[in-house]
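Residues per chain, in single letters:
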Amino acid sequence: MTSISSVLLSSLVLSPFVKAQNFGGSGRSEDAFSYVQPLNTTILGPYGHSPAVYPSPNATGNGGWEAALAKAKAFVAELTIDEKADMVTGQPGPCVGNIIDIPRLGFPGLCLQDGPLAIRVADFASVFGAGVSAASTWDRDILYERGFAMGQEFRGKGAQVALGPVAGPLGRSAYSGRNWEGFAADPYLTGIAMEDTIRGIQDAGVQATAKHFIGNEQETQRNPNYDDDGNIVQEAVSANIDDRTLHELYLWPFANAVRVHCASIMCSYNRLNGSYACENSKVLNGLLKTELGFQGYVQSDWGGTHSGVASIESGLDMDMPGGIGAYGQDWVAGSFFGGNITTAVNNGTIDISRVDDMIIRIMTPYYFLGQDRDFPSIDPSGADLNTFSPKSTWLREFNLTGERSRDVRGDHAALIRKHGGASTVLLKNENSALPLKTPKSIAVFGNDASEDTQGFLNQVDFEYGTLSVGGGSGTGRLTYLVTPLEAIRARAAQSKTFVQHWLNNTLIATSNVTDLWNPTPPEVCLVFLKTWAEEGADRQHLEVDWDGNEVVESVAKSCNNTIVVTHSSGINVLPFADHPNVTAILAAHYPGQESGNSIVDVLYGDVNPSAKLPYTIAFNGTDYNAPPTTAVNTTGPDDWQSWFDEKLEIDYRYFDAKNISVRYEFGFGLSYTTFELADLKTECLGGAITAAPESRPILPGGNPALWDILYNVTVSLTNTGEVDGATVPQLYVTFPADTTPAGTPPKQLRGFDKVFLTAGETRTVGFELARRDISYWDIVAQEWLIPAGEFTVSVGFSSRDLKAVGAITPVSA
């Protein structure tokens with residue numbers, strides 16, 4: 001038997017032909033969290049475990065794309081077979097993904113660019129807050145604003161397709177390395193965030209790409225590993241998910257994305273129930289294109305294509321980046337698509353109608369968004385920054401004659417600063433430590449407070465400098481960064497506050513801090529901590545990095561007003577939260593380029609914090625379930641498996657189901673004012689409600705009946721404090737216990753609203769409950785059903801702070 005260490009993989013061993021950047025992660029240390037796959041694990045191979053669904057449905061344009069579909073069909077009618085092959089096959093070029101132009105038809109090609117928080121391969125572009133930061137606002141206006149502003153920048157740089165937003169990973173595991181790129185460990189909140197972000201991006205005239213579809217909940221072994229000759233040794237991990245869990249958790253936010261006419265869906269690297277996600281006909285043809293009525297195109301994640309004909313027949317429409325091998329970067333060796341499509345059509349293996357539909361799906365959103373009219377050309381500077389397909393790899397010519405190094409940032413700095421403040425979660429505030437009241441002296445501690453010492457592109461972890469974004473394809477290239485120390489000094493200068501600082505965590509953790517600071521103790525000690533996360537590697541622990549806990553202990557031992565700020569990818573266990581001298585804790589996540597200004601706005605009270613956690617903070621890392629598989633004990637080609645045995649019980653659903661105490665629950669976040677909720681009322685809309693929805697023609701998002709509003713729930717909200725502020729009333733639904741299948745979570749988020757109130761103001765807040773919100777997926781009927789009996793509807797300020805309770809009975813028992 002091969003030892004664990006010999007098959008322990010961070011995600012990918014690169015074959016020799018990979019020449020440029022990859023996001024395979026930076027490996028794992030010996031003391032990292034691990035979950036070794038048990039020897040008796042059931043192994044799902046590629047055949048017989050995921051139902052076959054053929055043929056791939058043709059696009060119809062239903063739901064408002066009919067005129068664009070007609071234009072796309074006319075375009076396809078003019079193409080040669082070789083041009084058709086080019087239209088569905090990526091090429092190395094100036095963008096991260098490229099579809100070649102067809103000059104004789106006036107088609108400029110397609111430029112696809114990362115990523116979910118910035119146009120990454122670009123200069124003079126903004127770096128916005130990460131998805132986890134946006135979700136922490138629980139603010140639909142901000143989610144839309146962020147999406148629209150990013151869309152403007154992608155368009156300005158000549159990118160027709162933005163590779164975001166992210167609904168997978170959803171956040172099944174606290175350790176997943178890319179949770180920060182997505183939104184929340186909850187399908188409802190993530191679904192709303194997807195909806196508003198996509199609307200924003202596409203209102204700016206840019207195609208959004210919902211990714212990664214589906215089950216992409218760990219980075220370890222997300223891709224196959226290869227031997228020195230480029231042969232696959234072991235396939236990617238298989239995410240094994242049952243039908244109900246798939247529908248109620250992981251498919252749920254993608255339904256929101258499809259409903260708002262998302263242009264593209266990116267299939268993920270992993271296998272799903274044995275079959276690669278990009279050639280799984282059940283999820284692509286069956287769930288996405290048939291059940292959800294998706295009218296756009298499915299593109300592969302970069303190198304996620306593992307076959308030609310099989311992938312095409314299973315529903316894949318575009319192969320990115322077009323080559324073969326690890327990350328699809330060996331373009332010289334050929335493509336699963338490309339010339340093989342021409343051959344397959346000519347010999348009858350693939351019907352030309354399927355290829356035509358692939359292109360129709362690609363071109364319909366292009367026309368729907370008006371990209372055929374006055375769309376900016378590609379900024380040539382991006383080609384020089386593109387290390388994924390540098391110019392030395394190009395096989396075709398690209399005519400880059402447009403304006404170089406365009407500044408597309410506009411006034412987005414002000415938006416990013418506002419969003420950063422709105423996404424900062426106040427977790428603790430004892431003795432009204434915050435907001436600061438013009439202290440005479442401030443001491444700043446921690447290696448997260450100052451200038452980045454390794455530049456403005458985060459691709460590896462670094463010790464010195466504030467962390468504003470994570471690493472991998474989802475990062476951004478900063479043009480400037482306002483650090484916490486810089487912003488604190490600027491604000492302190494207004495009141496002549498004395499600021500001193502220490503940035504070496506080792507020094508702080510191993511010193512008596514009274515020997516460091518000015519003999520008069522500071523009035524407030526600000527400790528800045530960070531936690532790195534990146535694509536290609538799952539997190540090794542849930543602690544703050546760089547001995548952060550020891551830094552806090554050292555400072556708080558001698559400073560009775562210690563305020564801790566974390567810049568993190570998400571979940572950190574916070575053992576210092578109970579320390580009596582730690583008076584306040586702020587989770588600032590990854591706020592982007594205005595990081596320092598955003599946190600100072602909150603520290604000084606210019607912004608009253610209103611953010612809420614989009615995940616649960618437990619007492620210990622061992623309290624979390626659903627670990628990623630980090631190692632296998634066997635060497636079979638299909639042996640990497642991740643069984644989602646927890647089913648619907650992730651994050652707060654798990655902690656509630658098992659009655660586990662937590663440090664800070666899902667939806668928690670404090671304010672500088674106080675609020676009260678009262679007078680919950682429910683109103684049934686319309687007549688009798690049936691258990692099953694009316695069968696209607698499928699539109700984008702699925703059966704339209706699932707989106708019918710069945711109930712209104714209202715509640716009275718009052719700002720009972722002395723300052724103006726906003727909060728987020730949250731609606732949770734508890735299904736009838738006797739008539740709902742086992743495993744249904746005790747409560748599920750089904751509504752929220754960010755509400756601003758002046759001191760003393762009262763307002764009625766309303767929530768709409770759609771049919772889908774009070775249905776479960778019945779695996780026998782293959783339908784969403786409302787169970788008979790009484791539902792409990794609760795409104796509160798977090799998942800465990802429910803203030804107003806009512807009941808509804810949609811279907812009598």
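Residues numbered from 1 in each chain as written. Predicted model: local features only at pLDDT ≥ 70, side-chain atom pairs only at ≥ 80, totals over all residues. Heavy atoms only, no water.

Draft legend 1. Structural detail: the sheet that holds strand β8 (residues 264-267). With mixed pairing, the six strands of this open sheet are ordered in space as β1-β2-β3-β4-β8-β11. Each end of this open sheet is capped by a strand with a single partner; those strands are β1 (97-99) and β11 (297-300). As paired elements, strand β3 (residues 161-162) and strand β4 (residues 207-213) share two bridges and run parallel to each other. Paired with alanine 162 across the strands is alanine 208, a residue of β4. Each of β3 and β4 is contacted by helix α6 (residues 187-203), which is oriented at about 145 degrees to β4, the strand it contacts most. (Pairing = 2+ DSSP bridges. Helix = DSSP H or I, 4+ residues; strand = E, 2+ residues; numbered from the N terminus. Contact = heavy atoms within 4.5 Å. Axes fitted to C-alpha atoms, helices over the stretch in contact; angles between N-to-C directions.)

Draft legend 2. Just the sheet that holds strand β23 (residues 748-752), in detail. The strand order β23-β22-β28-β29 describes an open sheet built from four strands, whose pairing is antiparallel. Unpaired on one side and paired on the other, β23 and β29 (801-808) mark the two borders of the sheet. In this sheet, neighbouring strand axes are inclined to one another by 30 degrees on average, regardless of whether the strands run parallel or antiparallel. Judged from the four bridges that link them, strand β22 (residues 730-734) and β23 form a sheet pairing that is antiparallel. Paired with valine 733 across the bridge in β23 is glutamine 748.

Draft legend 3. The arrangement of the environment of threonine 479 in detail. Among the secondary structure elements, threonine 479 is positioned in the loop between β13 (441-445) and α15 (484-494). With 23 residues separating them in the primary sequence, threonine 479 and phenylalanine 456 have C-alpha atoms 7.1 Å apart. If near-sequence neighbours (up to four positions away) are discounted, threonine 479 is found in contact with Phe124, Ala125, Arg409 and Phe456. One polar contact links threonine 479 to arginine 409, side chain to side chain, over a distance of 2.9 Å. (Polar contact = N/O pair within 3.5 Å; in protein donor to acceptor, adjacent residues only side chain to side chain.)

Draft legend 4. Structural view of helix α11 (residues 339-346). Where α11 is concerned, the buried positions are Ile341, Thr342, Ala344 and Val345. With its buried residues spanning 165 degrees around the axis, α11 presents them on a single face. In this structure, α11 carries Gly339 and Asn346 as exposed residues pointing more than 90 degrees from its buried face. In this structure, the buried side of α11 is in contact with α3 (81-87), α10 (309-314) and α12 (352-368). Glycine 348 occupies a position one or two residues after α11 and carries a positive phi of about 85 degrees. (Buried < 20%, exposed > 50% of the residue type's maximum accessible area, 1.4 Å probe, protein only. Arc of directions from axis to C-beta.)

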